[in-house]
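Structural description and commentary
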Amino acid sequence: MTAGLRLSVSGVHHAYRDLTVLDDINLVAEPGEVLVLVGPSGCGKSTLLGIMGGLLQPGSGSVRCEGAVADDCLNPLTYVFQDFSLLPWRTVAGNVSLVLEDRLPRAACAQRVREVLALTGLADFAGAWPRQLSGGMRQRVGIARALAVRPACLLMDEPLSALDAQTRDLLLEEFSDMIARARTTTVYVTHNLAEAVRLGQQIVVLSRRPGRVREIVRIDRPLAGRGPADPDLLALEADLWRLIRDDAAAAERERIDAPA
Amino acid sequence: MRRLDTPVAFRGGGFAPIDRPVASVATLVAIVALWQAGASAGVIPTLFLPAPVSIAVALWHLGISGELWKHLSASLARLAVGWITGTVFGVGMGLAVGLWSALRSPGMAVVAALFPIPKIALVPLFIIWFGIGEGSKIATLAFGVFFPTVIATAGGVDNVPRSLIRMGQGFGLSTASIVRKIVLPGALPAILSGFRVTTSIAIVLLVAAEMIGAEEGIGAFVLAAGNLYDIDNLMAGIVVLSLLGLTVAWLIGLAERALLAWR
């Protein structure tokens, strides 16, 4: 895997018709860093991730990626989606090879698929259809597909939010190990503050809509040593919650008050 | 307030119909058996509706004389060429309408304007345009198949989850790859459902076109038998058309099972 992309967002503003969702967003994910975006519902986290990955055109402002990308990287900015976005008509191996088969010789493609399936614990499921897998396994396939292209930057949009609590905890540990090993620049969107403090080296707190950067919290501790019962992380999680709580409540009230 | 003291009755059944192929065959066999019994008992006047056995005998004679194959092969050739032509252009147009804004409104306007025209009414026009030969018959079939195929394909493309297309874009797939790997497979269930409709339409139009201007073909054979009041052969032709429809539906079912195994 490659490391080394710096992703910077400058003065991004975005609106859906008259509804401003992001206002003057400036942030930088340094090479190899895990930047976590948190904030109340509707604050524009996923919109910002879409803009950072080039899937959405910002109303104004720009996103720039700079840095070295390895020769075997097939897609520098690569997404992991909340709903997994697996192709139901392709097997696990077929989903993982989706991008590879257009760009690599057949043998190299098969070799890389085998490697990635082994890395994500899916070696025995290569021929399974997505519908035959649990939610956790499907997201593993999503991760495997992302890793297969050897990304320089991973963009993860609430990758654990569709999973049950136990699966979420298990996958969170795996993500943490994987990201620590790979040192790929990662932008991770989540509602879950426990995930944010377990994975984040830079936690960007967005305000409620229109989303603005309200606070940036840095955690200068290696990912490897972070556990679920770590008192420092629990305290930080509580601090983050205090920051977000009023906005989250207001956002919830806005949603209830909004005309149907 | 009222007090409850009863066992909880099961109420979660139904709304889950199951296909039973044996029941399908048994139903058809029972209808034919009743028909034969009615004809043998004199309840059904065989002058107007011959008994199944008489139709089977007529089919046998048509088979061994080679006449059946002569007419059937002519019809099958027209059906294949007309249906494939309409389907190829229809799927292409449906994809274009489903994918590109520039073609969507103009394409759907043309479809909306021309689809409701009964295609049988166009047979005389096609005879003027393409002559009394094969051209007019194939054009009738292709034209009749084209519009429902456009609608089925465009609907299928519209129903491909947007998130999957975004996934393809997020992974840097080319437009051609997204169409080939995501849009087409995603639209395939709707396209195959459309095939069930278009093959039936094609058979109807085939018979109509053959009745208007053909010497060979099941439609021409049925018309000639009717003119001669040869009701056994007329019904034999109708049975062949029914069997043709059943065979085509079975082939599409096979294709669905093979291509949509992932469901």
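Bear in mind the structure is a predicted one, so any value in this text is a computation, not a measurement. (Residues numbered from 1 in each chain as written. Chains lettered and ligands numbered in written order. Predicted model: local features only at pLDDT ≥ 70, side-chain atom pairs only at ≥ 80, totals over all residues. Heavy atoms only, no water.)

1. With respect to the overall build of chain A
The number of helices and strands found in chain A is 8 helices and 9 strands. Against the globule reference of 18 Å for 260 residues, chain A gives a C-alpha radius of gyration of 18 Å, in line with a compact fold. Considered along the principal axes of its C-alpha atoms, chain A spans approximately 55 × 40 × 40 Å. Per-residue burial for chain A yields a buried fraction of 52% across its 260 residues. Of the contacts formed within chain A by residues at least 6 apart in sequence, a portion of 73% connects residues at least 24 apart. (Helix = DSSP H or I, 4+ residues; strand = E, 2+ residues; numbered from the N terminus. Rg over C-alpha atoms; globule rule 2.2 N^0.38 Å. Buried < 20%, exposed > 50% of the residue type's maximum accessible area, 1.4 Å probe, protein only. Contact = heavy atoms within 4.5 Å.)

2. What to know about the interface of chain A and chain B
Each side of the interface is counted separately: chain A has 24 residues, and chain B has 18 residues. Summed over both sides, the interface between chain A and chain B buries roughly 1,800 Å², with carbon and sulfur atoms accounting for 64% of that surface. Broken down residue by residue, the surface that chain A buries against chain B is led by Leu 55, Trp 89 and Asp 102 of chain A, which jointly contribute 33%. Summed over the shared surface of chain A and chain B, the result is 3 salt bridges. Our count for the chain A to chain B interface comes out at 10 residue pairs in polar contact (both at pLDDT 80 or more). Mapped by element, the contributors of at least two residues to the side of chain A that touches chain B are strand S5 (77–80), helix H3 (100–103) and helix H5 (135–148) of chain A. Grouping the amino acids of the side of chain A that touches chain B by side-chain chemistry returns 14 nonpolar, 3 polar and 7 charged. (Buried area = accessible area lost by both parts, 1.4 Å probe. Salt bridge = Lys/Arg side-chain N within 4 Å of Asp/Glu carboxyl O. Polar contact = N/O pair within 3.5 Å; in protein donor to acceptor, adjacent residues only side chain to side chain. Nonpolar A, V, L, I, M, F, W, Y, C, P; charged D, E, K, R; others polar.)

3. Let's talk about the sheet that holds strand S1 (residues 5–16) of chain A
Residues and elements named next belong to chain A. Pairing in this open sheet of 3 strands is antiparallel, and the strands run S2-S1-S4 from one edge to the other. Two strands in the sheet have a free side with no partner beyond their single neighbour: strand S2 (19–29) and strand S4 (60–67). The average angle at which neighbouring strand axes cross in this sheet is 10°, direction not considered. Note: S1 against S2, 7 bridges, orientation antiparallel. Its bridge partner lying in S2, Leu 7 is registered against Ala 29. (Pairing = 2+ DSSP bridges. Axes fitted to C-alpha atoms, helices over the stretch in contact; angles between N-to-C directions.)

4. Examining the confidence of the model for chain A
Should the pLDDT be low somewhere, the predicted coordinates at that spot are not to be read in detail. Put simply, chain A has an average pLDDT of 90, and 97% of its residues get 70 or more. Mean pLDDT values for the elements of chain A range from 83 in helix H8 (residues 231–257) of chain A up to 97 in helix H2 (residues 92–96) of chain A. (pLDDT = per-residue confidence, 0-100.)

5. Observations regarding unusual backbone geometry
Excluding glycine, a negative phi dihedral is what most residues carry, and trans is how most peptide bonds are arranged. All names here are of chain A. For the bond running from Arg 209 to Pro 210, omega is -5°, close enough to zero to count as cis. Along the chain, Pro 210 falls in the loop between strand S8 (202–206) and strand S9 (213–218). With phi around 45°, Glu 158 is a residue other than glycine that occupies positive phi space. Secondary-structure assignment places Glu 158 in the loop between strand S6 (153–157) and helix H6 (165–182). Owing to a relative accessible area of 9%, Glu 158 belongs among the buried residues under this scheme.

6. Some points on the nonpolar core
Counting 126 residues, the largest nonpolar core has Leu 27, Leu 48, Val 187 and Ile 203 of chain A together with Ile 182 of chain B as the members making the most contacts within it. With 12 residues, the single largest contributor to this core is helix H8 (residues 175–213) of chain B. Excluding residues within four positions of it along the chain, Leu 27 of chain A makes contact with Leu 7, Ser 8, Val 9, Leu 35, Leu 37, Leu 48, Met 52, Val 204 and Val 213 of chain A. (Core = buried A, V, L, I, M, F, W, Y, C linked by side-chain atoms within 4.5 Å.)

7. What about the pattern of salt bridges?
If charged atoms from side chains of opposite charge come close, those side chains can pair. Using the criterion set out here, one finds 18 salt bridges over all chains in the structure. Glu 115 of chain A is the salt-bridge partner of Arg 150 of chain A, the closest N and O atoms lying 2.9 Å from each other. Of this pair, Arg 150 of chain A sits in the loop between H5 and S6 while Glu 115 of chain A sits in helix H4 (residues 106–119); the two residues are 35 residues apart in sequence, bridging distant segments of the chain. Relative accessible area serves as the criterion here: at 17%, Arg 150 of chain A is assigned to the buried category. With relative accessibility at 37%, the residue Glu 115 of chain A sits in the partly exposed group. Note that Arg 104 of chain B is salt-bridged to Asp 158 of chain B, the shortest N-O span being 2.7 Å. One end of the pair, Arg 104 of chain B, is in helix H4 (residues 101–114); the other, Asp 158 of chain B, is in helix H6 (residues 134–158), with 54 residues separating them in the sequence. Where salt bridges share partners, they join Arg 90, Glu 101 and Asp 102 of chain A together with Arg 180 and Lys 181 of chain B into one cluster.

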